[in-house]
Amino acid sequence: AAEYITKYYKNIGIPPLNNLKEGYQQTYPLAVFNPPELKLNINKRAYNQTTDYYSWANITGDTTISITDIEFCGYGINTQVYNDYDRVEVKNKAVMILGGEPYNSDGKSIISQNTEASPWATNHRTKQAEAKKQGIKYLLVVDTNITVSYAQQERRLKHNRMAIDNGSLTDYPLIIYISKQMADEILVSSKQKTNVIIDKISLTAKPLHFSSKTNIE
């Protein structure tokens, strides 16, 4: 196709450009994303990819994950009215956050101050960008509807895809979406439960942070 277009441009008299291949073809880098195959055990218990967790990460070859300490940082949100990372050091650490955003008892978002969800809940890239900014190494996102989420994205998660490679993709943490059951197992040593945490943040309208020992591999 490139040769055909090059020949066509030459035939109609379009002059070549010096900085292009053969005067007419522009090259650009592509990154190939391979569906990751992850096997996760928590406290020696095996969990199932697709029903318990999934990831968009581009993993090449064997990747070993070993996490013994994790920081729980609420919803992973950083705004002027609510900041889960305030005075919390998470650089090069494993962090767990809740998906979505906190709502108070009258159904209003603590972030947007009304019933409409903010970009922190509607655009997953917002939290990913913040995690990158914070220097997080591993980010575990609790998805309360993981079966539905996986079904909606199954095609993209199972197939290779390509994108322009601008060199920034490798700067992001390894992000894994996990079920509430997995989250509760990870936090078992801290005696915390995700449902209780969600209710507490909703009631106080304040971030909740704590550290927990775990065994993820």
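Computed from a predicted structure; not experimentally measured. (Residues numbered from 1 in each chain as written. Predicted model: local features only at pLDDT ≥ 70, side-chain atom pairs only at ≥ 80, totals over all residues. Heavy atoms only, no water.)

Attention now goes to the overall build of the protein. Helices and strands together make up the secondary structure of the protein, namely six helices and 10 strands. Per-residue burial for the protein yields a buried fraction of 38% across its 217 residues. Sequence-distant contacts in the protein: of pairs separated by 6 or more residues, those separated by 24 or more amount to 72%. For the protein, the accessible area works out to roughly 13300 Å², and carbon and sulfur atoms hold 48% of it. (Helix = DSSP H or I, 4+ residues; strand = E, 2+ residues; numbered from the N terminus. Buried < 20%, exposed > 50% of the residue type's maximum accessible area, 1.4 Å probe, protein only. Contact = heavy atoms within 4.5 Å. Areas by Shrake-Rupley, 256 points an atom, 1.4 Å probe, with all protein chains shown as cover.)

On any regular strand, side chains alternate: one points to one face of the sheet, the next to the other face. When you tally the buried positions in strand β9 (residues 174-178), you get five out of five residues, the bulk of the element. Two elements, strand β4 (residues 53-55) and β9, share three bridges in a ladder whose sense is antiparallel. Bridge pairing in β9 places Tyr54 opposite Tyr177. Relative to β9, strand β7 (residues 138-142) runs parallel, the two being bridged by five bridges. The partner of Leu139 across the bridge, within β9, is Ile175. (Pairing = 2+ DSSP bridges.)

Here we come to the pairing of β7. Of all five residues in β7, five are buried; the element is thus mostly enclosed. With burial as the criterion, each face of β7 is covered, one bearing Tyr138, Leu140 and Val142 and the other bearing Leu139 and Val141. In this structure, strand β6 (residues 94-98) lies alongside β7, joined through five bridges in parallel fashion. Following the sheet pairing, Val95 is matched in β7 by Leu139.

Once that is clear, we can look at unusual backbone geometry. The phi dihedral of Lys44 is positive, around 75°, even though this residue is not glycine. With respect to the helices, strands and loops of the structure, Lys44 is situated in the loop between β2 (41-42) and β3 (45-46). On the basis of relative accessibility, which here comes to 65%, the residue Lys44 falls in the exposed class. Here Ala205, not a glycine, exhibits a phi torsion of approximately 60°, which is positive. Structurally, the position occupied by Ala205 is in the loop between α6 (194-204) and β10 (209-216). Looking at Ala205, the relative accessible area reads 33%, which means it is partly exposed.

Now for α6. In an α-helix, one turn spans 3.6 residues, which is why side chains three or four residues apart end up on the same side. When we look at burial in α6, the residues that qualify are Thr194, Ile197, Ile201 and Ser202. Angular distribution of buried residues about the axis of α6 spans 130°; they occupy a single face of the element. Exposed positions of α6 whose direction lies more than 90 degrees from the buried face are Val196, Asp199 and Leu203. Taken together, the buried residues of α6 touch β5 (67-73), β6, β7, α5 (180-186) and β10. The positive-phi residue at the C-terminal boundary of α6 is Ala205, with phi of around 60°. (Arc of directions from axis to C-beta.)

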